[in-house]
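Residues per chain, in single letters:
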Amino acid sequence: MTQHDSPSLPAHRPGASSQPPEAPDDPSPSRTTRPWMPALLYTLGFLTVYLLAICTPWGQRAENALFSLGKQGSEEAWFYPLSGSEYGSTPLPPMELSAEPTVMVGLAVIVVLTLVRRCWWQGCAALGVVILTTGSKEVFKSAMPRPDLVGAPENLLDQGFPSGHTSIPAALTLAAVLVVSPRIRPYVATVGVLWLACIAAASATMGGHRPSEVLGATLLACAYYGLATWLLPPAAAPGATRIPRALPVITLTLALAIALASGARNDTLTRSLVSAAAGFICAALVWYAAVGRPAHTARRTRPALG
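## So, the overall build of the chain
- Summing up its helical and strand segments, the chain has 12 helices and zero strands in all.
- Element order for the chain, N to C, with α for helix and β for strand: α-α-α-α-α-α-α-α-α-α-α-α.
- In the chain, which comprises 306 residues, the share counted as buried stands at 46%.
- Roughly 15,600 Å² of accessible area belongs to the chain as shown, and the carbon and sulfur atoms make up 68% of that amount.

So this is what it looks like as structure tokens:
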């Protein structure tokens, strides 16, 4: 009987062999939550927008044509009373002179959250995202002047790529996502995305920036965020985030409504819709960078862990 019982010992091999495949699954979430491909794609998107919109004659003509729609100036924009351009009005951060104070307050909040949560790696990465994104504006302005390929008026030759005002909410939103608790991360991203949709659409419709400039600023912030998450140690990289199923739909619907209102003008529907579309795309890009990929990772890894 003992000889016949011995073959029963290999019966444990299926159970034993099923455990080794589970071991490689442990490090896999850290690899999937911080891939290098998003940073490369956002960088390529940034360069593509710059080359097509600024370095080609038809790209310049298309965007310059928006300025000829409707009246000159920003008074016809619905957002004008909140822009700080109106005498005696208080601008919505980071418009007009509130840009630098907004950056300083945002950096201070990141430092406080880093000290409270003791997330040193994430805090350094968040500071790097904000500083590099907002500082790149001055680098591009001096190193890459806007070429005049179509004989545009002098007031349309200023280098505004990427948009400094748009880069602030984009960078601060992505930086905040790095240092807050994973439980509130989706809601922080929601607030930041709605803020970004407002500022990006308003910047485009009021004539301060072209649609390509607000898109370029957002893509640049996403590229730095992707680079930061890729360089973080596996233990400090953002993990999978569970979000309510309705939250993405609610967030993007509100972002679209805010972009439409912030980009609206009384004198031209075309320019209003183009500005609103630019603001909404910016919001969608930051939402996907901050929350979209971790949400997909959570759904992929859940069956393997179960």
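## Quick word on the packing of helix α6 (residues 99-117) against helix α7 (residues 120-143)
- Interhelical geometry of α6 versus α7 gives an angle of 170 degrees and a closest axis separation of 8 Å. Comparing the axis directions of α6 and α7 gives the class roughly antiparallel. Every residue of α7 that contacts α6 at Val-103, Leu-107, Ile-110, Val-111, Thr-114 and Leu-115 is listed here: Trp-120, Gly-123, Ala-126, Leu-127, Val-130 and Thr-134.
- When the residues that make up the contact of α6 with α7 are grouped by side-chain class, the tally is nine nonpolar, three polar and no charged.

## Quick look at empty space enclosed by the protein
- Counted under the stated rule, the structure contains two cavities of 30 Å³ or more.
- In this structure, the largest cavity occupies an estimated 50 Å³ of space.
- The wall of the largest cavity is formed by Leu-66, Phe-67, Ala-204, His-209, Arg-210, Pro-211, Arg-271 and Ser-275.
- Those elements giving two or more residues to the lining of the largest cavity turn out to be α5 (57-67) and α12 (269-305).
- A per-class count over the lining of the largest cavity returns four nonpolar, two polar and two charged.

## Concerning helix α8 (residues 164-179)
- End to end, α8 covers 23 Å across 16 residues, agreeing with the expected 22 Å (1.5 Å per residue, within 8%).
- Taken across its 16 residues, α8 has 14 buried, putting it largely inside the fold.

## Remarks on the side chain of Ser-272
- Tracing the backbone shows Ser-272 in helix α12.
- Beyond its immediate stretch of four places on either side in the chain, Ser-272 contacts Gly-263, Ala-264 and Arg-265.

## Observations regarding the packing of aromatic side chains
- Under the counting rule described, the total for this entry stands at five aromatic pairs.
- Geometrically, the ring pair formed by Tyr-50 and Phe-140 is edge-to-face, given 6.4 Å between the ring centres and 65 degrees between the ring planes. Of this pair, Tyr-50 sits in helix α4 (residues 37-54) while Phe-140 sits in helix α7; the two residues are 90 residues apart in sequence, bridging distant segments of the chain.
- Judged by its relative accessible area of 13%, Phe-140 falls in the buried class.
- Through a chain of ring-to-ring contacts, the aromatic side chains of Phe-46, Tyr-50, Phe-140 and Phe-161 assemble into a single cluster.

What counts, and at which threshold
By convention here, each chain's residues receive numbers from 1 onward along its written sequence. Only residues with pLDDT of 70 or above have their local features reported here, since the model is predicted, and side-chain atom pairs are shown and tallied only from 80 upward, although totals for entire chains, interfaces and linings are computed over all residues. The side-chain values count all of the structure's non-hydrogen atoms but skip hydrogen atoms and water molecules. Each helix is a run of H or I in the DSSP string that is no shorter than four residues. Each strand is a run of E no shorter than two, and both are numbered from the N terminus. Relative accessible area decides the class of each residue, using a 1.4 Å probe on protein chains only: under 20% of the type maximum gives buried, over 50% gives exposed, and in between gives partly exposed. To be clear on the numbers: accessible area is Shrake-Rupley with a 1.4 Å probe, and residue cover counts the displayed protein chains and nothing else. Axes here mean lines fitted to C-alpha atoms, for a helix over just the part in contact, with angles spanning 0 to 180 degrees between N-to-C directions. Each angle gets one of four labels, with under 35 degrees taken as roughly parallel, over 145 as roughly antiparallel, 65 to 115 as roughly perpendicular, and the rest as oblique. The contact definition used throughout considers only heavy atoms, calling two residues in contact when any of these lie within 4.5 Å. Each residue is assigned to one class: nonpolar for Ala, Val, Leu, Ile, Met, Phe, Trp, Tyr, Cys and Pro, charged for Asp, Glu, Lys and Arg, and polar for all the others, Gly among them. Note on definitions: the grid is 1 Å and covers protein atoms alone; a cavity is a set of points where a 1.4 Å probe fits but cannot get out; a pocket is an open set with protein on both sides within 12 Å along at least five of seven lines; lining residues have an atom within 4 Å of a point. Grid points are joined across faces, edges and corners, and a volume is the space filled by probe spheres set on the points. One less than the number of residues in a helix, times 1.5 Å, gives the span that helix is expected to have. Each Phe, Tyr or Trp ring (for Trp, its six-membered ring) is paired with any other whose centre lies within 6.5 Å, and the angle between the two planes then decides the class: stacked below 30 degrees, edge-to-face above 60, tilted in between.

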